[in-house]
Amino acid sequence: LESNGARAISLGSGAGERMLLTDSETMFQSHDPVVHGVELSFRREIDNLLVCTVAEDALRFLAGAVFQGQNQNEARHLGAVDAVVCCMRAFCDDARVQAQCARALRFLSCDHSPSQDCVRIAGGLELIVAAMQRHDTASVQHWGANALGNMAFNNAANKVRIRELGGIECVIAAMLRYPQGLGLQADACYALGNIAALSRENQERIVLGGAVEAVTTMLREQATDTGIQQWGAFLLGHLGYMNREHQEVIRRSGGLELVIRSLERHSAPARVYARALFALARNCKNNSENTMFCVARRAPTFIVAIMRHARNDVDVLAVATQTLAYLANADP
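Residues numbered from 1 in each chain as written. Predicted model: local features only at pLDDT ≥ 70, side-chain atom pairs only at ≥ 80, totals over all residues. Heavy atoms only, no water.

Look at helix α7 (residues 138-152) against helix α9 (residues 167-177): their axes get within 10 Å of each other, and the N-to-C directions meet at 140 degrees. Looking at the two axes, α7 sits oblique to α9. The handedness of the crossing between α7 and α9 comes out as left-handed. Taken together, the residues of α9 that come into contact with α7 (itself represented by Gln 141, Ala 145 and Leu 148) are Gly 167, Cys 170, Val 171, Ala 174 and Arg 177. (Axes fitted to C-alpha atoms, helices over the stretch in contact; angles between N-to-C directions. Helix = DSSP H or I, 4+ residues; strand = E, 2+ residues; numbered from the N terminus. Parallel < 35°, antiparallel > 145°, perpendicular 65-115°, else oblique. Left-handed = near helix turned anticlockwise from the far one by under 90°. Contact = heavy atoms within 4.5 Å.)

Another point: the environment of Thr 216. Mapped onto the elements, Thr 216 comes out in helix α12 (residues 211-221). Take Thr 216: its relative accessible area is 3%, and that puts it in the buried class. Distance from Thr 216 to Gly 255, taken between C-alpha atoms, is 5.5 Å for residues 39 residues apart in sequence. For Thr 216, the residues in contact, after removing those within four places along its chain, are Ser 253, Gly 254, Gly 255 and Leu 258. Among the polar contacts made by the side chain of Thr 216, one reaches the main-chain carbonyl oxygen of Glu 213 at a distance of 3.0 Å. (Buried < 20%, exposed > 50% of the residue type's maximum accessible area, 1.4 Å probe, protein only. Polar contact = N/O pair within 3.5 Å; in protein donor to acceptor, adjacent residues only side chain to side chain.)

Our focus in this paragraph is the packing of α9 against α12. Orientation of α9 relative to α12, taken along the N-to-C sense of each, is 35 degrees, at an axis distance of 10 Å. You can see that α9 and α12 cross each other, and the crossing is left-handed. Residues Ile 172, Met 175 and Leu 176 of α9 lie in contact with α12, whose contacting residues are Ala 211, Ala 214, Val 215 and Met 218. Class assignment of the residues belonging to the contact of α9 with α12 gives a composition of seven nonpolar, no polar and no charged. (Nonpolar A, V, L, I, M, F, W, Y, C, P; charged D, E, K, R; others polar.)

With respect to the element layout, Ala 310 can be found in the loop between α18 (299-309) and α19 (314-327). On a C-alpha basis, the gap between Ala 310 and Pro 269 in space is 9.5 Å, while along the polypeptide they are 41 residues apart. Leave out the neighbours within four places in its chain, and Ala 310 touches Val 316 and Leu 317.

Moving on, we get to unusual backbone geometry. A negative phi holds for most residues other than glycine; trans holds for most peptide bonds. Phi at Asp 111 is positive, roughly 55 degrees, even though this residue is not glycine. When you line up the elements, Asp 111 lands in the loop between α4 (95-108) and α5 (113-121). On the accessibility criterion, Asp 111 (60% relative accessible area) is exposed. The backbone phi angle of Arg 298 is positive, close to 65 degrees, even though this residue is not glycine. Summarising the element assignment, Arg 298 is placed in the loop between α17 (288-296) and α18. With a relative accessible area of 46%, Arg 298 lands in the partly exposed category.

Tallying each qualifying case throughout the model produces four aromatic pairs. A centroid spacing of 5.9 Å and a plane angle of 65 degrees characterise the contact between Phe 107 and Trp 143, whose relative ring orientation is edge-to-face. Here the residue Phe 107 occupies a position in helix α4, and Trp 143 occupies one in helix α7, the gap between them amounting to 36 residues. Each member of the pair, Phe 107 together with Trp 143, is buried. Considering the side-chain rings of Phe 234 and Phe 278, the 6.2 Å spacing of their centres and the 25 degrees angle between planes classify their relative orientation as stacked. Residue Phe 234 is located in helix α13 (residues 226-240), and its partner Phe 278 is located in helix α16 (residues 270-284); the two are separated by 44 residues in the primary sequence. The exposure class assigned to Phe 234 is buried, which follows from its relative accessible area of 7%. (Phe/Tyr/Trp six-rings, centres within 6.5 Å; stacked < 30°, edge-to-face > 60°.)

Here's what the structure looks like:
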């Protein structure tokens, strides 16, 4: 891509190649100085639009190519992370390009600590947060939150940097701004859960930002949405871990009650059960009040029923066994 306009750009597309040929110099022929000035301005707008469109298409193709781990190593070896960060910096005013950049970085860094570090070192975290602050569109907020969550997964340095940049506040703001965007809400919970994991400072910032109230509202209003139930419980589990004050906040806000209700529904996917059990275990450990609360609402009965229903799911059985062990310590 040339920064001052596209000339001949070839993009791969499924069955073959799509060739986009532009030469804006030949599009305008007027010799009138005034008209020519208008034409030059219009030509620049067309060139910018073409370049942005091609960049968006290329990023969408890249994100699709590395989705679910496919072609990730080859793309990383070819310098895809640096290329996407450069593109994000160059097209900071284009919301569609920013959304696709965040999406591409999310897949390129998935479960790969060196790529997560590369994004941070290249300034990618700053650019993602800046995009979320600059562009109030659902796609930018969605993929920005998703990318930040992926960058924070098992990466202590990125968790600190996201907090320093105000990324936590950006994700919570996106949750509050788009209450009907269920995919965005689920991704925001996923992101905040990863950012909060094993970080006392991030836990505090997230709770102070109003995330507990926001997620309990979602769990209550979207009781049948598996994404909301799964990642909402995931967030509550990380916020309550080894934090007695947060465990109390979660119980008083209705979070434990809502998680128990999700266990009562026997038609949910196993991943919803696993996250709900995770939330109960994290919020009942060393907390007799929360433990008694769950026992009084028949949580052990629901957990045993789930163990029978998911008897072949090792992950569900493991977390269910752990949760029952915590509940068994309830005071009579």
